[in-house]
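The primary structure of each chain is shown beneath.
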Amino acid sequence: PALRTFVRSLPKAELHLHIEGSLEPELMFELARRNGVDLPYASVDALRLAYAFDSLQSFLDLYYAGAGVLITERDFHDMTMAYMNRAKEDGVVHVEIMFDPQTHTARGVAMETVFAGMARALRKVRSSMGITSYLILSFLRHLTEADAMATLEAALPLREQYKDLWIGIGLDSGERGNPPGKFARVFARCKALGFRLVAHAGEEGPADYVRDALDLLQVERIDHGVRSEEDALLLQRLIDQQIPLTVCPFSNLKLQVIKSMPQHNLARLLRLGVMATVNSDDPAYFGGYVVDNYIACAEHLGLTRHELVVLAQNSIAASFLPPEQKNEHF
Ligand code: ES4
Ligand code: ZN
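Because the structure is predicted, anything quoted here is derived from the model rather than measured.

1. Quick look at the overall build of the protein
Now for step 1: Across its full length, the protein carries 17 helices and 8 strands.
Now for step 2: For the protein, whose C-alpha radius of gyration is 18 Å, the value lies close to the compact-globule estimate of 20 Å for 330 residues.
Now for step 3: For the protein, the spread of C-alpha atoms along the principal axes amounts to about 50 × 45 × 40 Å.
Now for step 4: Relative to its full complement of 330 residues, the protein shows a buried share of 48%.
Now for step 5: Pairs at least 24 apart in sequence give 76% of the contacts found in the protein among residues at least 6 apart.

Dropping the structure here:
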C-alpha cells in the first residue's frame, strides 16, 4: 500500500501532544469571535503566516497568545474534539494529552472549566470511537516552583472526579535557564501522590537536563530528549533502561533545533536501541499531525516499513496504559 495508508493502518499512541497546540487557526478565529476576544491578525491566512519560528521561545509567545481565546467549557471541549477527530483519521488508538492549566487560570479561567471541557470530549470519544486517552497536567517551567505547587493544590480536589483521565504530571515551556532541579520538590509530591511523571528535556536544553529529569524528578519518560546524544553515558543509560523518548520531528524542524529533516537523529537513536516514539507536539503550529511526522521520517531518514512498525509498537509500549490494554494493540 501507499506509505500514508500503511502508516495510518498501524495502531499507534500519541504521547506528546499539547492540547493548546492542536488549536487550528480556523477554530482560534471562531472562538475569538464567539468570546469577543480580539486577535491581532486580520485573517486565518495572516495568522498562519506568523507561524515562522526561530526558537522555542518565539513559538511559545504565539502559542500562549493563541490560548487566550479559550474561555468556556465548550471551548476546551471543541478544541479537544477537533483534535480527537483528526487523531482518529491517523489511526491513533490511544493519546496522552498534556495541558497547561497555568496558561488558563492566570487569565481567570477556572481549573474546573479546563478539566470539564476536555473530559467531556475525551469520554465521548472513548465510547463512540473507542480511542482511549489520559491527561497529563503540565507545569510551566518559566514560572516558579511555588506557582506549580499552588496549581497542583488547585487541581487535586478534582482528582477523584477525573481519575479515569488524569494520570500524570509533566513539565514544559522554555527549557533554557529553567533546569529540572527547580521543580524537584513539587515532582516529589506528585510522585508520592501516585502520578506518572514526564518532563520535557534535551529539546533546546543540554543533555544534563535529561539526566537531571531522571535523577532529580524521577520521570519515567522524557519529552523530546534528542540532545541526549551529546552525552554517551546518558545515551547508554537510556538504552539500558529503555527510557522512552517522545520525539517530535516537525517540532524540532520548525523550532530550528535541527536545520533540515535529513539532519534529525531519530533514525540513529532508534538503530542504537533507544525506545524512541514519534509524536506531533503542537500540530496546528508545526504543520503536521502524527502520521505526517512518521512519513517525513520515512522519506528523509530512510526508515524502513519495519522501523515504522517498531515506532508504532514503541508508542504503545511507552504509554501509561495497563499491560492488558497494551496487549490489545500489539
Ligand atoms: C512546547 Cl515544543 C514545546 N516545548 C516546550 N513546551 C511546550 N509547550 C508547548 N509546546
Ligand atoms: Zn512538547
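Following the structure, the description resumes.
2. Remarks on the UniProt feature "binding site: substrate" (unreviewed entry) in the protein
Now for step 1: UniProt's entry tags Asp282 with the feature "binding site: substrate" (unreviewed entry), counted in the numbering of this structure.
Now for step 2: Mapping Asp282 onto the fold places it in the loop between β8 (276-278) and α14 (283-286).
Now for step 3: Among the residues examined, Asp282 registers 25 C-beta atoms within 10 Å and is labelled buried.
Now for step 4: The contacts of Asp282, once residues within four sequence positions are left out, are His18, Gly21, Tyr63 and Ser251.

3. Some remarks on the nonpolar core
Now for step 1: Core analysis: the biggest nonpolar cluster contains 94 residues, and Met118, Ala213, Ala276 and Tyr294 have the highest contact counts within it.
Now for step 2: Tallying contributions element by element places helix α7 (residues 111-128) first for this core, with 7 residues.
Now for step 3: Those residues within four positions of Ala213 in sequence are excluded, and the remaining contacts are Pro180, Ala199, Ala201, Val219 and Ile222.

4. Details of the UniProt feature "binding site: Zn(2+)" (unreviewed entry) in the protein
Now for step 1: When the UniProt feature table is mapped onto this chain, "binding site: Zn(2+)" (unreviewed entry) is found at His16, His18, His200 and Asp281. The greatest C-alpha distance among the residues just named is 11.7 Å, despite their covering 266 residues of sequence, which places them together in space.
Now for step 2: Here His18 lies in strand β1 (residues 12-18).
Now for step 3: For His18, the residues in contact, after removing those within four places along its chain, are Met98, Asp172, Asp281 and Asp282.
Now for step 4: Its location among the elements puts His200 in strand β5 (residues 196-201).
Now for step 5: Take His200: there are 30 C-beta atoms within 10 Å of it, and that puts it in the buried class.
Now for step 6: Setting aside anything within four residues of it in sequence, one finds His200 in contact with Leu171, Asp172, Glu175, Asp223 and His224.

Cut-offs applied
- Residues numbered from 1 in each chain as written.
- Chains lettered and ligands numbered in written order.
- Predicted model: local features only at pLDDT ≥ 70, side-chain atom pairs only at ≥ 80, totals over all residues.
- Helix = DSSP H or I, 4+ residues; strand = E, 2+ residues; numbered from the N terminus.
- Rg over C-alpha atoms; globule rule 2.2 N^0.38 Å.
- Buried ≥ 20, exposed ≤ 12 C-beta atoms within 10 Å, placed from the backbone.
- Contact = placed C-beta atoms within 7 Å.
- UniProt positions renumbered as here; feature names shortened; annotations may be inferred.
- Core = buried A, V, L, I, M, F, W, Y, C linked by C-beta atoms within 7 Å.

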